[in-house]
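Descriptive analysis of the structure
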Amino acid sequence: CALPIWMGGFIHGESGFYNHVRPTIEIEAPHGYWASVDERSWRSVTVMEDVAATRGATFWSVGFKVDRARIEDLLANMAVWHGAYWDSPRLRPLTWLKRPSEHIRTIDALIGMEKRSLVGAVRARDVITVAIRDRQDDLYEGMRRSVEISSRAPHTYLHGDIHVGNTYVTRDGAMGYGDWQIGIRGGWQYDYAYIVGTALEVDDRRAWERELLAYYLEQLHAGGGPKLDFDDAWQRVREATFYPYYAWVYTIGRARLQPKFQPDAISLPMIERTAAQIDDLESLAAVGL
């Protein structure tokens, strides 16, 4: 774990998912056997399925290609829990779930996200598209606006940390999600923009992204969610591209006394992909900047 999760109130996320959410949905993700939190000591235990042993799972690593079939599989999985929990009364008992805006404020307070992101943007400058490279102040304001929009949207259950590094492929070729420790509640686009932006190489995203959104919307409706208008959904995606970028520029922008959250060999491709997504979708304009 990169951060002391008890400090941010994240300690309930994984046990909450395995105790309350995972049993209600059929997706490619580990099953949980037992999980609990001791709030006196701020310790937690989660006992879960070892998918490497039971399903022959291989976890994502640098060089793993997410092709069209694999990203569609990931989106179909995501649509299952988004649809099942769309504006659902089942969210009410899940009191540990923060909205995206609250989640970002917590991270900022814990690690100085804005300051560390400026450092990260310098360290990653060579992979950040020229059009947005020198607009870091606008980008951070864009991220603030973006998470406020996601927080006001109809709520569903969100994975919350759904970058491609938290995915795996089984021996049968099915794509799945791991690392459910965050868990938040808000607009579907928060998860959607993050997995598409980090999983796909830039040229593949450009070639497929409109068709992928149409596919996700079909799967969402089939899974119990509403039938969303494509143009409105496209706007929501354009607005939601900022946090995927900031999750990685603050990771590479860590201070010397902070843990090295991820190797640069992972962070730099993530920054390159998510920066290009912001630029291509004209996301600054989408949030009024």
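The structure under discussion appears in the preceding block.
It should be emphasised that the depicted structure is a prediction, and the values quoted were computed from it without experimental measurement.

1. A closer look at the overall build of the protein chain
A count of helical and extended segments in the protein chain gives 13 helices and seven strands. Computed over C-alpha atoms, the radius of gyration of the protein chain comes to 18 Å, within 12% of the 19 Å expected from 2.2 N^0.38 for 289 residues, which places it in the range of a compact globule. Split into buried and exposed, the 289 residues of the protein chain put 55% on the buried side. In the protein chain, 78% of the contacts between residues at least 6 apart in sequence involve partners at least 24 apart. Carbon and sulfur atoms form 49% of the exposed surface of the protein chain, whose accessible area is close to 12,600 Å².

2. As for the nonpolar core
Counting 79 residues, the largest nonpolar core has Ile71, Met113, Tyr157, Tyr192, Ile195 and Tyr245 as the members making the most contacts within it. Here this core gets nine residues from one element, more than from any other, and that element is helix α11 (residues 242–252).

3. Considering helix α3 (residues 68–84)
Taking 1.5 Å as the rise per residue, α3 with 17 residues should run 24 Å; its terminal C-alpha atoms sit 24 Å apart, in good agreement. Residues of α3 that are buried make contact with β4 (156–158), β5 (167–169), β6 (175–177), α8 (189–199) and α9 (202–222). Measuring from the backbone nitrogen of alanine 69 back to the side-chain oxygen at the start of α3 gives 3.3 Å, which picks out aspartate 67 as the cap.

4. Digging into the sheet that holds β5
Pairing is antiparallel in the open sheet, where three strands are placed in the order β3-β5-β6. Looking at strand neighbours, the two that pair on one side only are β3 (58–59) and β6, the edges of this open sheet. Bridging between β5 and β6 involves three bridges; their strand directions are antiparallel. Paired with tyrosine 168 across the bridge in β6 is glycine 176.

5. Observations concerning the packing of helix α5 (residues 113–123) against helix α7 (residues 136–152)
Two elements in contact, α5 and α7, have axes whose closest approach is 11 Å; the angle formed by their N-to-C orientations is 135°. Our classification of the angle between α5 and α7 gives oblique. The crossing of α5 and α7 is right-handed. Listed contacts from α7 to Met113, Glu114, Leu118 and Ala121 of α5 are Gln136, Tyr140, Met143 and Arg144.

6. Notes on a nonpolar patch on the surface
On the surface, a cluster of nonpolar side chains totalling about 430 Å² of accessible area is made up of Tyr33, Trp34, Val45 and Val47. Among the elements of the structure, β1 (32–38) and β2 (43–48) are those that each provide at least two residues to the nonpolar patch. Within the secondary structure layout, tyrosine 33 lies in strand β1. A relative accessible area of 56% places tyrosine 33 in the exposed class.

7. Focus on the packing of α3 against α8
As a packed pair, α3 and α8 sit with axes 11 Å apart at the nearest point and diverge in direction by 165°. For the element pair α3 / α8, the angle class is roughly antiparallel. As for how α3 packs across α8, the hand of that crossing is right-handed. Here Ile71, Leu74, Leu75, Met78, Trp81 and His82 of α3 come into contact with α8, specifically with Asp191, Tyr192, Ile195, Val196 and Ala199. Looking at the contact of α3 with α8, its residues break down into nine nonpolar, one polar and one charged.

8. Here's the deal with the pattern of salt bridges
Per the stated rule, a full pass over the model turns up 20 salt bridges. As a salt-bridge pair, arginine 68 and glutamate 211 come within 2.8 Å of each other at their nearest N and O atoms. Highlighted residues: arginine 68 in helix α3 and glutamate 211 in helix α9, separated in sequence by 143 residues. With a relative accessible area of 26%, arginine 68 lands in the partly exposed category. Residue arginine 125 pairs with aspartate 134 through a salt bridge whose shortest N-O separation is 3.0 Å.

Reading the values: rules and limits
- Residues numbered from 1 in each chain as written.
- Predicted model: local features only at pLDDT ≥ 70, side-chain atom pairs only at ≥ 80, totals over all residues.
- Heavy atoms only, no water.
- Helix = DSSP H or I, 4+ residues; strand = E, 2+ residues; numbered from the N terminus.
- Rg over C-alpha atoms; globule rule 2.2 N^0.38 Å.
- Buried < 20%, exposed > 50% of the residue type's maximum accessible area, 1.4 Å probe, protein only.
- Contact = heavy atoms within 4.5 Å.
- Areas by Shrake-Rupley, 256 points an atom, 1.4 Å probe, with all protein chains shown as cover.
- Core = buried A, V, L, I, M, F, W, Y, C linked by side-chain atoms within 4.5 Å.
- Expected span 1.5 Å × (residues − 1).
- Polar contact = N/O pair within 3.5 Å; in protein donor to acceptor, adjacent residues only side chain to side chain.
- Pairing = 2+ DSSP bridges.
- Axes fitted to C-alpha atoms, helices over the stretch in contact; angles between N-to-C directions.
- Parallel < 35°, antiparallel > 145°, perpendicular 65-115°, else oblique.
- Left-handed = near helix turned anticlockwise from the far one by under 90°.
- Patch = residues over 30% accessible without salt bridge, like charges linked within 9 Å, V, L, I, M, F, W, Y side chains within 5 Å.
- Salt bridge = Lys/Arg side-chain N within 4 Å of Asp/Glu carboxyl O.
- Nonpolar A, V, L, I, M, F, W, Y, C, P; charged D, E, K, R; others polar.

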